[in-house]
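Listed below are the residues making up each chain.
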Amino acid sequence: GVTLTFGQQVEQGREANVAALSPEATEAAKTVAAASFKNMFDASQIGFTFGYPDQLKAGSFTDPATGAVTITVQDVSTHVGFQVYARPWQGSDTLTEAMVGQDLPEIGAHDFSPVSLDGVPGVAFAASDPAFGDSLQVWLAHGGYLYQVSTYSTQGPLLSKVLGTWKGTK
């Protein structure tokens, strides 16, 4: 594959985000969220499984250097989807607003609220990253991993439904 420079990745991300925040993508995401979730993504080796709708394709990549895993679930043509980034974590399992701000100050996190995924507490928030635009994030730490789930700000209903199927395996 062709390796993109960071600048190209940011540009692609910005273009994809503009498309994903469009009224068409927002409607497509609602349709996908309303569909039945027949597929299960098994990431039990890093602590969880979740369901997702047929219209989306799931794939994952493990960084051999860091052990971090990126799971992308999307329909590229309609710009509907979400990402789960899981990385080995030695920090506290209790995530705070201050910690998110310290970890990623550049994403402009705001509107924090507590969440629980299959009994594991976490934090949900909105972000306004200058590079990628507006997103919704859900972070939780459990079993030696920090999980960062993100989607486009207009695709909250899809993410909510997916997270409702989240099951911890550790």
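As the structure is a computational prediction, the values presented were derived from the model and not from experiment.

Re the overall build of the chain
(1) Moving on: Along the chain, the regular secondary structure elements total four helices and 10 strands.
(2) Moving on: Its helices and strands taken in sequence order, the chain reads α-α-β-β-β-β-β-α-β-β-β-β-α-β from the N to the C terminus.
(3) Moving on: For the chain, the residues scored as buried account for 41% of the 170 residues in total.
(4) Moving on: Accessible surface, the chain: about 8,700 Å² in total, of which carbon and sulfur atoms supply 57%.

Considerations on helix H4 (residues 156–163)
(1) Moving on: Within H4, the full set of buried residues consists of Gly 156, Leu 158, Leu 159, Val 162 and Leu 163. Along the axis of H4, the buried positions cluster into a sector of 160 degrees, meaning they face one direction only.
(2) Moving on: At its buried positions, H4 is contacted by helix H2 (23–34), strand E2 (48–52), strand E5 (80–88), strand E6 (110–117), strand E8 (133–142) and strand E9 (145–152).

With respect to the sheet that holds strand E10 (residues 167–168)
(1) Moving on: If you trace the three strands from one edge of the open sheet to the other, you get E1-E2-E10, paired in antiparallel fashion. If you trace the sheet from one side to the other, it starts and ends with strand E1 (39–43) and E10, each paired once.
(2) Moving on: Here two bridges tie E2 to E10, and the two strands are oriented antiparallel to one another. Directly across from Thr 49, in E10, lies its bridge partner Lys 167.

So, the packing of aromatic side chains
(1) Moving on: On inspection of all chains with the given rule, the structure shows 11 aromatic pairs.
(2) Moving on: Look at Phe 48 and Phe 50: their rings are 6.1 Å apart centre to centre, the planes differ by 15 degrees, and that puts the pair in the stacked class. Both residues of the pair, Phe 48 and Phe 50, belong to the buried class.
(3) Moving on: Ring geometry for Phe 48 and Trp 166: centres 4.2 Å apart, planes at 10 degrees, overall stacked.

A few points about the layout of surface pockets
(1) Moving on: Looking at the second largest pocket, its volume works out to about 160 Å³.
(2) Moving on: Considering the residues around the second largest pocket, the lining is formed by 15 residues, among which Ala 124, Val 138, Leu 159, Ser 160 and Leu 163 are closest to the centre.
(3) Moving on: Counting residues per element, the ones that place at least two in the lining of the second largest pocket are E6, strand E7 (120–129), E8 and H4.
(4) Moving on: Broken down by element, the lining of the second largest pocket gets its largest block of residues, five residues, from E6.
(5) Moving on: Classifying every residue of the lining of the second largest pocket by side-chain character gives nine nonpolar, five polar and one charged.

Here's the deal with the nonpolar core
(1) Moving on: The biggest cluster of nonpolar side chains holds 32 residues, and the ones touching the most others in it are Phe 48, Phe 50, Ile 71, Phe 82 and Trp 166.
(2) Moving on: Within the second largest apolar cluster, 11 residues are counted, among which are Val 123, Phe 125, Trp 139 and Leu 146.

A look at the pairing of strand E3 (residues 57–62)
(1) Moving on: In terms of strand pairing, E3 meets strand E4 (residues 69–75) through six bridges, oriented antiparallel. For Lys 57, the partnering residue across the bridge sits in E4 and is Gln 74.
(2) Moving on: The loop that links E3 with its antiparallel partner E4 comprises six residues; one of these, Gly 67, has a positive phi angle of about 80 degrees.

As for the packing of H2 against H4
Two packed helices can be described by the angle between their axes and the distance between those axes.
(1) Moving on: Between H2 and H4, the least distance of the axes is 8 Å, while the angle of their chain directions is 25 degrees. Taken as axis vectors, H2 and H4 run roughly parallel relative to one another. As H2 packs across H4, the resulting crossing turns out to be left-handed. Counting all contacts with H2, which are made through Ala 29, Val 32, Ala 33 and Ala 34, the residues of H4 involved are Pro 157, Leu 158 and Lys 161.

Quick notes on the pattern of salt bridges
(1) Moving on: Scanning the entire structure with this criterion turns up two salt bridges.
(2) Moving on: Close ionic contact of Glu 27 with Lys 30 constitutes a salt bridge, the shortest N to O distance being 3.2 Å. Placement of both Glu 27 and Lys 30 in helix H2 is noted, with a separation of three residues, approximately one turn of the helix.
(3) Moving on: Judged by relative accessible area, Lys 30 falls into the partly exposed class, the value being 45%.

Scoring rules and cut-offs
- Residues numbered from 1 in each chain as written.
- Predicted model: local features only at pLDDT ≥ 70, side-chain atom pairs only at ≥ 80, totals over all residues.
- Heavy atoms only, no water.
- Helix = DSSP H or I, 4+ residues; strand = E, 2+ residues; numbered from the N terminus.
- Buried < 20%, exposed > 50% of the residue type's maximum accessible area, 1.4 Å probe, protein only.
- Areas by Shrake-Rupley, 256 points an atom, 1.4 Å probe, with all protein chains shown as cover.
- Arc of directions from axis to C-beta.
- Contact = heavy atoms within 4.5 Å.
- Pairing = 2+ DSSP bridges.
- Phe/Tyr/Trp six-rings, centres within 6.5 Å; stacked < 30°, edge-to-face > 60°.
- 1 Å grid on protein atoms, 1.4 Å probe; cavity = no way out; pocket = protein on both sides within 12 Å on 5 of 7 lines; lining within 4 Å.
- Points joined across faces, edges and corners; volume = space filled by probe spheres on them.
- Nonpolar A, V, L, I, M, F, W, Y, C, P; charged D, E, K, R; others polar.
- Core = buried A, V, L, I, M, F, W, Y, C linked by side-chain atoms within 4.5 Å.
- Axes fitted to C-alpha atoms, helices over the stretch in contact; angles between N-to-C directions.
- Parallel < 35°, antiparallel > 145°, perpendicular 65-115°, else oblique.
- Left-handed = near helix turned anticlockwise from the far one by under 90°.
- Salt bridge = Lys/Arg side-chain N within 4 Å of Asp/Glu carboxyl O.

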